[in-house]
Amino acid sequence: MTKFTKGSKLALIQGYDSDLLSQTEYANQMRVTKSQFQYWLKLYEIHGETAFTNGYTNYPASFKLDVLNHMAQSDASLMDTAALFKLPDFSMLYSWQRKMETGGLEALEPKKKGRPSMKKNPNSSTKRSVVEGSVEALEERIKQLEMENEYLKKLNALVRNKEKSPNKTKHKPSGN
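Residues numbered from 1 in each chain as written. Predicted model: local features only at pLDDT ≥ 70, side-chain atom pairs only at ≥ 80, totals over all residues. Heavy atoms only, no water.

Taken as a whole and judged by the stated rule, the model has 8 aromatic pairs. Taken together, a centroid distance of 6.3 Å and an interplanar angle of 85 degrees make the contact between Phe63 and Trp96 edge-to-face. With Phe63 in helix α4 (residues 61-74) and Trp96 in helix α6 (residues 91-103), the pair connects residues that are 33 residues apart, well separated along the chain. Site record: aromatic cluster; members linked through ring pairs are Tyr59, Phe63, Phe85 and Trp96. (Phe/Tyr/Trp six-rings, centres within 6.5 Å; stacked < 30°, edge-to-face > 60°. Helix = DSSP H or I, 4+ residues; strand = E, 2+ residues; numbered from the N terminus.)

In structure tokens, the structure reads:
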């Protein structure tokens, strides 16, 4: 798959004319998927020319949780939410959603990238390791479970409110 630069994405979006071609036809001509083109279009609509500046890509768990909560509360689509928060790819949000469902808040923690250092860490022996079953380990586990419990309570309340809502209207997707 071709990697597109900021300039090429911007030129691609600015070169689109909906009166001449459908999004599908234009995306095919430009050799990108329709969904990727639609995402870039949405990013451009929301953020303008700054939409394609490379931002932060190793997000903390708290940010991921905020994004997921916003999506649940606003009932926005994956693409709309990802564009609003200027994520590089809307499929990241789907991945976060699945990780949260299967592994909880802990699964959203960012992983270290790259190869581990070959150097021995002199401070590692002085670091206190938390022994499983110790008071510290149990306190950490309690905090984690309390956070997960709060998240699930909020999510459950949102789902109940959505079900009780008398105005259950479905929005028609825009575009082609």
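Having put the structure on the table, let's press on.
Here we come to the packing of helix α2 (residues 23-30) against helix α3 (residues 34-47). Relative to each other, α2 and α3 sit at 105 degrees, their axes nearing to 9 Å. Overall, the two elements α2 and α3 adopt an arrangement that is roughly perpendicular. In this structure, α2 contributes Gln23, Thr24, Tyr26 and Ala27 to the contact, and α3 contributes Lys34, Phe37, Gln38 and Leu41. Grouping the amino acids of the contact of α2 with α3 by side-chain chemistry returns 4 nonpolar, 3 polar and 1 charged. (Axes fitted to C-alpha atoms, helices over the stretch in contact; angles between N-to-C directions. Parallel < 35°, antiparallel > 145°, perpendicular 65-115°, else oblique. Contact = heavy atoms within 4.5 Å. Nonpolar A, V, L, I, M, F, W, Y, C, P; charged D, E, K, R; others polar.)

Before going further, it helps to examine the pattern of salt bridges. The tally for this structure, following the rule as stated, stands at 2 salt bridges. Taking the shortest distance from any N to any O, the salt bridge between Asp80 and Lys42 comes out at 3.0 Å. Within this pair, whereas Asp80 is found in helix α5 (residues 78-84), its partner Lys42 is found in helix α3, the two being separated by 38 residues in sequence. Note on Asp80: relative accessible area 30%, which makes it partly exposed. Across the salt bridge formed by Arg98 and Glu101, the nearest N and O atoms sit 2.3 Å from each other. (Salt bridge = Lys/Arg side-chain N within 4 Å of Asp/Glu carboxyl O. Buried < 20%, exposed > 50% of the residue type's maximum accessible area, 1.4 Å probe, protein only.)

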